[in-house]
Structure formats: C-alpha cells, structure tokens
Amino acid sequence: MSPTDSPDPLLHVDGLSIGFETGRGPVQVVDAVRFAVRRGEAVALVGESGCGKSVTAKSILGLLPAPPARVSGSVRFDGQELVGAADRALRRIRGARVGFVFQDPMTALNPVYRVGEQIAERLRRHGGLDRKAAAQRAVELLGQVGIPAAAERSRAWPHELSGGMRQRVVIAIALACDPDLVIADEPTTALDVTVQAQIMRLLREAQRARRMGLLLITHDLGLVARYVDRVVVMYAGQVVEQAPVEALFDGARHPYTRGLLQAVPGAVAPRADGRLWSIPGAVPAPADFPASCRFADRCPRAADDCRATPIPISDAGERQWRCLHPHVDETAEAGT
Amino acid sequence: MTPLLEAEGLKVHYPGPRGAVVRAVDGVDLVLHAGETLGLVGESGCGKSTLGRAMLRLEPPAGGRLAAFGEDIIERSGRKALATLRRRTAMIFQDPHASLDPRMTVGQSIAEPLVVHKVGDRASRARRVAELLERVGLTPDVADRRPHAFSGGQLQRVGIARALALDPDVVVADEPVSALDVSVQAGVVNLLMDLQAERGLAYLFVAHDLKVVELIAHRVAVMYLGRVVELASSAALFGAPKHPYTRALLAAAPTPDPRRRDDPPALAGEPPSPLDPPHGCAFHPRCPLAEDRCRADRPALRADAAGHRVACHLVSLDEPRA
Ligand SMILES: Nc1ncnc2c1ncn2[C@@H]1O[C@H](COP(=O)(O)OP(=O)(O)OP(=O)(O)O)[C@@H](O)[C@H]1O
Ligand code: SF4
Ligand code: SF4
Ligand SMILES: [Mg+2]
C-alpha cells in the first residue's frame, strides 16, 4: 500500500497546488503535489533550486502570505484539514505539534532575547509550564541538543553563539513541546560539513527516539542517503518520483532522478573520460512549463508521446513515478 | 621547472574587533605548478579563500615571500612582475551574480580584461567574446544581454569566459560550483576540466565539496585555522589521509549511498575562532588523539619520501601504514 493511501498518515498532502500573482499575471509554481509522512518516518523532499520544495513546505502550515500566494488542494495533519483553516488553529498547531528548522537559524531566533528565554517562552505559551519549570526545562533541552554548559549557555544571546550552536537552539525550540512532526528546510546548508553531520545526527536521533515524523527539505542527495527512510523527488513544481531510500538509490525509475543521482560527484563512477555525468539544459521557468512532460527537453529517453499529453503518475506499492518510459528495475528484471 | 606561483611562510592578517588580529593565513608554504589543479579545502573561516586571493596578491601579505612566474611580487622591485601577474592570471568566483557588473552586458564584462590590457581593437574583441561564449557552451548572441537574464549556471559560464579572455596560465577558482545545482554543477566542472586539457591551465581550486575536489584536483591541501595541515596527491589524500582532521573531514561528508547511513559523526565541536587560536596544534580541542605535547607544541608540516606532507605530532612518516 502506498504511503498516501495508508489509513492515517500523520501528514497527508494531496493535490496541493500553489500559484503566485506576479506583475506579469499568475504563475503556477507547484502542481498537484501528493505525498505523505507517517509517524516515526523521515521523508526527504528533494529537488533543485526553484523546484518548489520550500513553498510546498511553507504552505503546509499556512506560512505563505496569501496574496500573493494562492494555495489549493488538501493538507491533512493528523486528520485535520489545514488548507483554509483559521489562523488561530494553524498557530496552535505550529507552536505545539509541528516544529520548524530553517536554513538560517538567525531568522528563527529573536536577537533581543536570551536563547533560554526563547525556549521557555515556547514552553509557557504552548506547553502550559510556569516560568520556573519552563526555565528549567529549557536548560534540559539545550543539554539534549548537545550544547555544553547548558545552564550557562541558556543566558547567551543568539549572536554570541556559533552557527552550529544556534541551529541546535532552533532545534531545541522545535522539539520543546514534543511535536509530532518536524519540518526542516535545508537545516544544514549554511553549516560546515563536520557540524552538518552533528546536526543531522541530532535531528535523526530525536526523530527516532520520539517517533516523530520528519520532513527534510534538501537538495543534498548525500544527506538524503544517510538520514531518511523515504524520498519524494520534485522537478519543476511536480512530484516526479517517490520511493523508499534504498530502492531509489538502487534503481531510480524517473530519468530525472537517474540523472540527478549520476551527477553527484562520487555517487557513481565518472564517465570513461573522467568527466561527470551531467544533465543538459536547464529547468524551464514556471511560466513556460509545458502541459506534457516538463523534463522532456532534457530527457535522454524522450519520445513523441512525452510531448503530447500530461504525464500521469504510475503507482506500484511504495513507489510512484511520473514518466511514460521509466527505467525498469534492473535487479528485479535480472531475476536476482 | 619554476612553479607558476610560490608562497613561503605567507601570512595574511585582518583587523579584528578591539585591536585584535585575525590571522587568516598564518604561515603557508604552497606552490602551484604549470598545468596542474591544486585543490584547497577546509571548513568556513579556515582561510582558504583568503589564501587563494593572496596567491594573486589580491590581499596584502603580512609576512612571508610570494613569487609569480619566478619573480618576487612583494618587494617594490616587483612592479613589473605584478603587471605580468595581472595579465597571466584570473579568478572565478562563487556567486556569478555578485561578480559580474549588472549594468554591463555580459559581452562587455567578458571584453573588459581585453580593454584594460589594451588587447586588440573593437572588432577583434567582439570576435574574441563570441569565440569565448561558444567555448563555454553559450551562443554568441547572448553577448548583448545583462546578467539578470541568465540562470546561475549560465552566468558561471560567463564568469569562466571572462576569466579566459586573456588566455591566462593560472586561474584561481573560489568555490566556482558551490552555488550551482547538482545537474548544472556537473556541466561546469566538466567544462573546467576540458579547458585545462585544452589549454594547459593551472587551477588553484578552492572548495569545501570534497567530492568535486577529489575528481578535479591533482594535489590537495587541507587547511585548518590559517595553516596547511596536510598536502598530498589527490590519490594519497583521499585514499590514505594521515592527519586526524583530514580523516574527520572525509568521514563527515555524506556519501550518496544509503547503506552507509549510520556512520557516526566523526568530529565534535566546531572550528575555533581565528581570533584566538588554540596553543600548540590548533586542532587539539577537537582531536580524538590529542595528548600533552599537542597542547604545547605546534607540529611542523613534514614530508615523507613520496612528498605527502602532514602537520601532526602523532603521524609517523617513515614507517609504512598498518
Ligand atoms: N513570493 C513569491 N513570488 C513569486 N514567485 C515565488 C515567490 N516565492 C517563490 N516563488 C517561486 O516559486 C518557485 C519555487 O520556489 P521555492 O522557494 O519553493 O524553491 P526551492 O525548491 O525551495 O528552491 P531552493 O533550493 O533554491 O531553495 C520558484 O520559481 C520561485 O521563484
Ligand atoms: S515522460 Fe518521457 S520525457 Fe518525460 S521523463 Fe519520462 S521518458 Fe523522459
Ligand atoms: S598534533 Fe596532536 S592534536 Fe594535532 S592533529 Fe596531531 S594528534 Fe591531533
Ligand atoms: Mg528552498
């Protein structure tokens, strides 16, 4: 059974479309996106810049200002419909049941409050703790996210901390009220690789220990391989493939996913001439998205039918792909 | 053969807060040979970009020696050598949007080094621009457009065309593909490799993406807090890293392989501030092997018989590795 059909996924996004009013008229940037995140599952939303990952993530909890954004479709969180829900209901869910971690920790922290106070504030407002209990719990949380000398550091200002420490504070805030879901949009892109490993490990461990859902938005396939269970690949505003992580890396069906995986240095052997595999051309701009396959101009398998009609999603259990001529599963074909 | 660029004990300092000194580059020996790619890697703030610029004397050195094409370029007598340096070297930057003048057409930007060095007339420069655009995979008719009309990958190709305008011997590329998407990045990396094969260019390739460096570089220098801690051929550095920091760095970079997912994070802590570098070996607060002498004495960069250099008290250079 595919995750989107399972009876009660924690987060169920279906037919989500997002457009923007621009000076030159409306453009549709996200088109009928459908995926789910189950409890205790880490899912990556991957794709290249501008493919619509971030606006999808933001729209889930009403964080896209509308106008200019226009959001339609359905986002159900724990059974509750969020598209069109009242602001108050959304705010309550955002504070307590869903935590956020964004790329730049400084945008999530208030520069004029000490970091401990910012965690305590969340605990008082959404967790019902009193001042003293909240302050104490804030220190505990800082310790849990790996901040040494937590009691002392809880009195630090955000600007006194390094980038990695700040991102740990943001994670502590995200985890404060024991959320069911954490949405992390490029949480380590601004950090060094040794610190990135620490932060991802921390998120993944918290996700497992608390049986939370984790939606990781990233363009980094190395992180995807190492830290999630399932992958949703987006291209030009559409989901083009979904699969469990090993299945995806072992045998991607969509030519774009294949191309992307091959283009990562170190992922596959380079070409015989020592060069990298690359995908020719560039992603079309949203205003130029064709009604048929959006990858056709760059696709080595493109045929006439790819340019004729919209491409439907094919579905086989845990795997989905949007392609008329997908790569078949070579290992299965070979009968091994 | 004389190296193209040669630094000895090179230092670059920046003024820090309250009169403090940031030792961004703190005594580096480095040579760049004709036709090679030397990768320069390390975490943010380790000084790799500063060192890259300093090698072209785009940062004033606070100490040490620097020579280009065999001639000193620090002493006053080096003015002519400095002019040669400007003509025979070029840079490619991380953010092509920031490095190209938004008011100039890309054709004007590419021709600018020719104008500055008074090469050719208007017509020959236009021909050269067209030829360069084609060489980097763009069509000559885009010469009239301004940067905002291009994607990041296209604009980086424009930046490369501009760097090639004077047919340089050395290109310092500072994170040239870090801002690009994977699928676009691969094409630009290939272009850089093709250009080297064609023209015998030497690259000083500054990057934090180790996989790209492994592919493109012949030799690699690893920096930590203003110093080179390991320098070896790409094969030796990636195949048998010796310095504890290099090993940690390689282990931390996620491999795109879901079966290797539970590798523990290799390193605790973060790089310390260059304002207040630790005594002895600057890596000791994060090093799993640190012992007393690491806290007291700074290890020198020593080479083994094969020329693999490493700055660590505990690495023995003579015995074969277990
Ligand atoms: N406020 C806005 N007005 C108009 N267009 C927008 C707005 N915000 C985003 N877009 C467009 O929506 C598309 C998707 O943007 P989004 O930020 O989700 O991409 P992304 O996949 O997160 O990319 P990145 O990897 O660069 O973060 C892009 O074409 C972008 O230009
Ligand atoms: S539908 Fe056709 S053009 Fe599109 S990805 Fe599949 S094979 Fe390529
Ligand atoms: S000198 Fe000591 S602290 Fe420095 S890297 Fe070697 S073992 Fe670690
Ligand atoms: Mg984004």
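Per-chain numbering applies: the sequence of each chain, read as written, is numbered from 1 onward. To read the labels, note that chains go from A and ligands from 1, taken in the order they are written. The model is predicted, so local features are restricted to residues of pLDDT at least 70 and side-chain atom pairs to those at 80 or more, both for listing and for counting; the totals for chains, interfaces and linings are taken over all residues. Calculated side-chain values reflect all of the structure's heavy atoms, with hydrogen atoms and water omitted.

## Some thoughts on the sheet that holds strand 10 (residues 238-244) of chain A
In sheet architecture, strand pairing relies on hydrogen bonds along the backbone and comes in two forms, parallel and antiparallel. Residues and elements named next belong to chain A. An order of 6-7-8-3-9-10-12-11 is seen for the eight strands of this open sheet, with the pairing classed as mixed. Each edge of the open sheet is held by one strand with a lone partner, namely strand 6 (98-101) and strand 11 (314-316). In this sheet, neighbouring strand axes are inclined to one another by 15° on average, regardless of whether the strands run parallel or antiparallel. In short, DSSP must find at least two bridges between two strands for them to pair. We count a stretch as a helix when DSSP gives it H or I for four or more residues in a row; a strand needs E for two or more, and each element gets its number in order from the N terminus. In terms of strand pairing, strand 10 meets strand 12 (residues 319-321) through two bridges, oriented antiparallel. Considered in strand 12, the bridge of Gln-242 is made with Gln-320. By definition, residues are in contact when any of their heavy atoms lie within 4.5 Å. The axes used here are C-alpha line fits, helices contributing only the stretch in contact, and every angle between their N-to-C directions lies in the interval 0 to 180 degrees. Lying on the sheet, helix 8 (residues 193-209) is in contact with strand 3 (42-46), strand 7 (181-185) and strand 8 (213-218); it crosses strand 8 at an angle near 155°. Lying over the sheet, helix 11 (residues 255-263) contacts strand 9 (230-235) and strand 10, oriented at roughly 105° with respect to strand 9.

## Notes on the site of ligand 2
Near, as used in this document, describes a residue that has one of its heavy atoms within 4 Å of the molecule or strand being considered. In the region of ligand 2, the neighbouring residues are His254(A), Pro255(A), Cys293(A), Phe295(A), Ala296(A), Cys299(A), Arg301(A), Ala302(A), Cys306(A), Cys323(A), Leu324(A) and His325(A). Each residue gets one label: Ala, Val, Leu, Ile, Met, Phe, Trp, Tyr, Cys and Pro are nonpolar, Asp, Glu, Lys and Arg are charged, and the others, such as Gly, are polar. Of the residues in the shell around ligand 2, the class split is nine nonpolar, two polar and one charged.

## Overview of the nonpolar core
If you look at the biggest cluster of nonpolar residues, it comprises 136 residues, and the most contacted ones within it are Ile119(A) and Ile160(B). Segmentation into domains, and thus their bounds, comes from an automatic or database assignment. A domain split of this core shows at least three residues from each of domain 1 (3-97 + 179-334) and domain 2 (98-178) of chain A. Among all residues touching Ile160(B), those that are not within four sequence positions of it are Ile92(B), Val136(B), Val188(B), Leu191(B), Leu192(B) and Leu195(B). Throughout this description, the term nonpolar core refers to a set of buried Ala, Val, Leu, Ile, Met, Phe, Trp, Tyr and Cys residues connected via side-chain atoms within 4.5 Å. Partly exposed residues are those whose accessible area sits between 20% and 50% of the maximum for their type, while under 20% is buried and over 50% is exposed, using a 1.4 Å probe and protein chains only. Among the nonpolar cores identified, the runner-up in size contains 34 residues, and Leu16(A), Val27(A), Val37(A) and Val43(A) belong to it.

## Quick notes on the sheet that holds strand 5 (residues 80-81) of chain A
Residue and element names in this part refer to chain A. Pairing is antiparallel across the open sheet formed by four strands, whose spatial order is 2-1-4-5. Only two strands of the sheet have a single partner each, and these edge strands are strand 2 (25-37) and strand 5. Alignment of strand 1 (residues 11-22) against strand 2, held across nine bridges, turns out to be antiparallel. Within strand 2, the position partnered with Leu-16 by the bridge is Val-33. The strands touched by helix 1 (residues 53-60) within the sheet are strand 1, strand 2 and strand 4 (69-77), with strand 1 carrying the most contacts at an inclination of about 110°.

## Here's the deal with the site of ligand 3
Near ligand 3 you find 13 residues, and of these Cys281(B), Cys287(B), Cys294(B), Cys312(B) and His313(B) are the closest. Class assignment for the residues of the shell around ligand 3 results in 10 nonpolar, three polar and no charged.

## Focus on the domain arrangement of chain A
Residues and elements named next belong to chain A. Structurally, chain A comprises domain 1 (3-97 + 179-334) and domain 2 (98-178). Here the C-alpha centre of domain 2 lies 29 Å away from the C-alpha centre of domain 1. At the junction of the two partners, domain 1 supplies 30 residues and domain 2 supplies 20 residues. We define buried area as the total accessible area lost by two parts upon association, computed with a 1.4 Å probe and summed across both. Buried surface at the junction of domain 1 and domain 2, both sides included, amounts to about 2100 Å², of which 64% is carbon and sulfur. Area buried by domain 1 at its contact with domain 2 is led by Pro-179, Leu-202 and Arg-210, which between them contribute 25% of it.

## Notes on the environment of Lys48(B)
Residues and elements named next belong to chain B. Within the secondary structure, Lys-48 is located in helix 1 (residues 48-55). A relative accessible area of 7% means that Lys-48 is categorised as buried. A C-alpha to C-alpha distance of 8.8 Å links Lys-48 and Val-222, two positions 174 residues apart in sequence. Setting aside chain neighbours within four positions, we find Lys-48 in contact with Leu-40, Val-41, Gly-42, Glu-43, Glu-175, Val-206, Ala-207, His-208 and Met-223. At 3.0 Å, the side chain of Lys-48 and the backbone oxygen of Gly-42 are in polar contact. N or O atoms closer than or at 3.5 Å make up a polar contact, with two conditions inside protein: a donor-capable atom paired with an acceptor-capable one, and, for residues adjacent in sequence, both atoms drawn from side chains.

## Examining the pattern of salt bridges
Residue and element names in this part refer to chain A. Only one rule defines a salt bridge in this text: a Lys or Arg side-chain nitrogen within 4 Å of an Asp or Glu carboxyl oxygen. Summed over all chains, the structure comprises 37 salt bridges over all chains. For Arg-70, the salt bridge goes to Glu-21, with nearest N and O atoms at 3.8 Å. Taken together, the residues span a long stretch of sequence, with Arg-70 in strand 4 and Glu-21 in strand 1 at a distance of 49 residues. By relative accessible area, Arg-70 is classed as partly exposed at 43%. Among the residues examined, Glu-21 registers a relative accessible area of 40% and is labelled partly exposed. For Arg-307, the salt bridge identified is with Asp-297, shortest N-O distance 3.7 Å. With a gap of 10 residues between them, Arg-307 in the loop between helix 11 and strand 11 and Asp-297 in the loop between helix 11 and strand 11 connect regions that are remote in the sequence. Overall, Arg-307 belongs to the partly exposed group, its relative accessible area being 45%. Assessed through its relative accessible area of 72%, Asp-297 is described here as exposed. Here the salt bridges do not stand alone but share partners, grouping Arg-38, Glu-41, Arg-230 and Glu-318 into one network.

## Thoughts on the interface of chain A and chain B
At the junction of the two partners, chain A supplies 44 residues and chain B supplies 39 residues. A combined buried area of about 3400 Å² lies between chain A and chain B, and 53% of that area is made up of carbon and sulfur atoms. Of all residues in chain A, Thr194(A), Arg226(A) and Arg275(A) bury the most surface against chain B, accounting for 22% of the area lost on that side. Here Arg259(B) ties to Asp250(A) by a salt bridge, and the two come within 2.8 Å at their closest N and O atoms.

## Here we look at helix 10 (residues 244-252) of chain B
Pro244(B), Tyr245(B), Thr246(B), Ala248(B), Leu249(B) and Ala252(B) are the residues of helix 10 of chain B that are buried. For helix 10 of chain B, the elements touching its buried residues are helix 8 and helix 9 (221-227) of chain A together with helix 8 (210-216), strand 9 (219-224), strand 10 (227-233) and helix 9 (234-239) of chain B.

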